[in-house]
Structure formats: C-alpha cells, structure tokens
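This is what each chain is made of:
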Amino acid sequence: MSLSLADVLAARRAIAGVAVRTPLVPSPHMAAVTGAEFLLKLEIAQPIGAFKLRGAVNAVAGLAAGVSGVVCCSTGNHGRGVAYAARARGLRAVVCMSSLVPRAKVDGIRALGAEVRIVGRSQDDALAESRRLAREEGLVELSPFDDPLVIAGQGTIGLELLEDRPDLAAILVPLSGGGLAAGVALAAKAIKPSIRVIGITMDRGAAMHESVRAGRPVEVEEVPSLADSLGGGIGLDNRHSFALCRALLDDYVLVTEAEIYRAIQTLYFEDRMVAEGASVVGIAAAKAGRLPSFGGPVATIVTGRNVDMAAFTDVVAGRPVTLGDIHLEGRAYAA
Ligand SMILES: *Cc1c(COP(=O)(O)O)cnc(C)c1O
C-alpha cells in the first residue's frame, strides 16, 4: 500500500471525537535562544498523554468486523493508545513490553483494561512475543510504527500544523520507529513541498538514522535513555516507515543524554510543562546549536507526558541520574 494525503485526510475523519486537535503554542524562551519563532505542538494534551492515540484509533477503526482482539509491542505509549482505542470498541487488548519500559507506563496501560506481558530486555523481545500471540491466539497485531493506518493517523499532526501555521519553515520530529516522522512528513510535504522535516533521536540507539545510513534496516543495541519512548529498532523486515523516512526526511540530528536532561528542565522551567525525554529532543537539538537556521518559524512536536514521576523529579531538581553505564552529573537549571 502506498500512502498519500488522502489517507491522512481519511484518518482525520476516523479519529475525530476521540483524539484531540491539539494546540500549537509559542515558546518565547526558545525563540530567544534560536532567533526564530519556535512553536510547540502539544500532543501531551491527548487523552492518553501522547500522540500515539491518533495512529492507534485509526488502526482500530480499520479492523474488519469480527476481530476478537488486538496485540502489540510497545515502549509504553502505543500500548496505551491501543488499550484506549480497543476498550472504546469492546475489544480485548494485549500489550507486550520489555523490562526497560518505566513502571508508570505499564500501570497506565493496565488501568485501561489491557492485558500486559513483560518480556525480555528489548523491543525486539517484546515484538517476538507480540507476533507469537498473534499467531497462537488469533489476535490482530498492530505495529507501533510500521502500519499504513498508524502512519496516516500520526500524519494528522502534519495537517494541523500547516493549517495553524502555513508559514512554518521546518518541523522537528522526535524519531524512533518513524511512524510519526513518516506521517508528518507525508502530510506536510504534500501541502507545502518546501517545508523541511528533521528527525531527531538520542545518540545511543538511533535505529532509523543508522538504517538510513546503511541503506537498509539494521539492528542497534538498545540501552537505557531519558528518551525511553524512542528506544528499540525499526524491524529488519520493515515495510513502510523506513522507505517513507528515507524518501521524505531532510536530515537526522542526534542529541546526547545530557542535552535531553537540560531540555527536560528547559521545558519545565521556561514553559512550565511536564514532558518525557522523547518529547524534548527538538528543544535539545536547538539549544545545543545542532540545527541550521531554517529562515522562518519552526515547530517541534511535544510528543508525550507519561513520565516516571520519580525520574522526572530527579531531573528537574538537578539531581544526578544513572542510565545503565552512563552517569549524568546533577545540574540545577540555568537559562
Ligand atoms: C513513539 C513515540 C515517539 C516516536 O514515534 P515513532 O513513530 O516510533 O518514530 C516519540 N515520542 C513519544 C512520546 C513516543 O511515544
């Protein structure tokens, strides 16, 4: 299936009334830092606290009648979206996650009535379990990113961005499996071909970036990160998001854990918002001077707010944080 703007417009009709049309607000602090208008697309305002609701609702709406249930792997937010969408349709939902997924995300999914399976230490392990359950229990598997309906659902963000601000010069997109970046780039470039779409990831475990460089999906080692929602590979048998990202993204930018740490503080202290590490990589890249001037307004997608409260509190309080073999010095916020 090749995707087009028509699929994104259809997704918008399918998700209306469940997923919210989120606000796009200016960040005066980031405008001062970058010297250009800097806008935040607040997907933290979705009912499940993350944009993944859009793709999940569109995918569940596209299921054939008679399906008994759905299964997925997730770094947390896709599972939450699938659980929410499945419950609304009275379907059974099973969510497979690795032990790297923060407890708060696991609890949030259970609270929505889904069955949770914790397996292994990587997204690949969770994916294998999800495939097994699909085969053995007759459930329909919903990929977090490599599914045309999921990509079209995430693409509705691109429609809203350009409706609100047709003058946008660039969109900074947090990037993992690439469903979000593929959908947003597809929609935004169909409407405004000159717009630049930049994929941003943490520097350890940047699966899409490595794959695009290699010219084919490659495996990367998954390590703990402040941007836990960006963990995991893109699937060696990737069918959709890899080709779309390769064709549509203008550039890839990587940020360090220390830069993500400071960007979480920045969004909290300057804009008074609670957001995940994955949500602030666009801010991190801009603050670290890793982006060119785009010659016009820039928007970044603040993708989710489902933080582990204890870890989040450590960061905003400026306390040290340990992530596997990485030790981040404590550092109180200073603009
Ligand atoms: C899933 C997710 C992303 C990345 O989306 P992909 O489609 O996998 O690239 C970014 N931020 C948050 C909060 C997410 O949950």
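Let us look at the structure shown here.

1. Some details on the pairing of strand β10 (residues 298-302)
Step number 1: Counting buried positions along β10 gives 5 out of 5 residues, so the element sits mostly inside the fold.
Step number 2: Because side chains alternate across β10, one face comprises the buried residues Val298, Thr300 and Val302, and the other comprises Ala299 and Ile301, equally buried.
Step number 3: Across 5 bridges, strand β2 (residues 38-42) lies against β10 in parallel orientation. Its bridge partner lying in β10, leucine 39 is registered against alanine 299.
Step number 4: Both strand β7 (residues 170-174) and β10 contribute to a ladder of 3 bridges, which runs parallel.

2. Some thoughts on the sheet that holds strand β8 (residues 196-202)
Step number 1: What the 6 strands build is an open sheet, ordered β1-β2-β10-β7-β8-β9; its pairing is mixed. The open sheet is flanked by β1 (24-26) and β9 (251-255), the only strands paired with a single partner. Averaged over all neighbouring strand pairs, the angle between strand axes comes to 30°, with direction disregarded.

3. Focus: the environment of leucine 248
Step number 1: Secondary-structure assignment places leucine 248 in helix α10 (residues 241-248).
Step number 2: Residues leucine 248 and methionine 273 lie 25 residues apart in sequence; the distance between their C-alpha atoms is 30 Å.
Step number 3: Once you skip the residues sitting within four places of it in the chain, leucine 248 turns out to touch Ala182, Ala185, Leu186 and Lys189.

4. Here we look at the packing of helix α9 (residues 207-214) against α10
Step number 1: Here α9 crosses α10 at 75°, and the two axes come no closer than 10 Å. The orientation of α9 with respect to α10, classified from their angle, is roughly perpendicular. Of the residues in α10, those in contact with Met208, Ser211 and Val212 of α9 are Ser241, Phe242, Cys245 and Arg246.
Step number 2: Considering only residue class, the contact of α9 with α10 consists of 4 nonpolar, 2 polar and 1 charged.

5. Things to note about the sheet that holds strand β6 (residues 140-141)
Step number 1: Within the open sheet, the 4 strands sit side by side as β5-β4-β3-β6. Their pairing is parallel. A strand with exactly one partner marks an edge of an open sheet, and here the two such strands are β5 (115-118) and β6.
Step number 2: Judged from the 2 bridges that link them, strand β3 (residues 69-73) and β6 form a sheet pairing that is parallel. Bridged to valine 70 within β6 is valine 140.
Step number 3: Most of the contacts of helix α4 (residues 77-88) go to β3, to which it runs at about 170°, and overall it touches β3 and β4 (92-97).
Step number 4: Taken strand by strand, helix α5 (residues 103-111) contacts β4 and β5, and its axis lies near 150° from that of β5.

Conventions adopted
- Residues numbered from 1 in each chain as written.
- Predicted model: local features only at pLDDT ≥ 70, side-chain atom pairs only at ≥ 80, totals over all residues.
- Heavy atoms only, no water.
- Buried < 20%, exposed > 50% of the residue type's maximum accessible area, 1.4 Å probe, protein only.
- Helix = DSSP H or I, 4+ residues; strand = E, 2+ residues; numbered from the N terminus.
- Pairing = 2+ DSSP bridges.
- Axes fitted to C-alpha atoms, helices over the stretch in contact; angles between N-to-C directions.
- Contact = heavy atoms within 4.5 Å.
- Parallel < 35°, antiparallel > 145°, perpendicular 65-115°, else oblique.
- Nonpolar A, V, L, I, M, F, W, Y, C, P; charged D, E, K, R; others polar.

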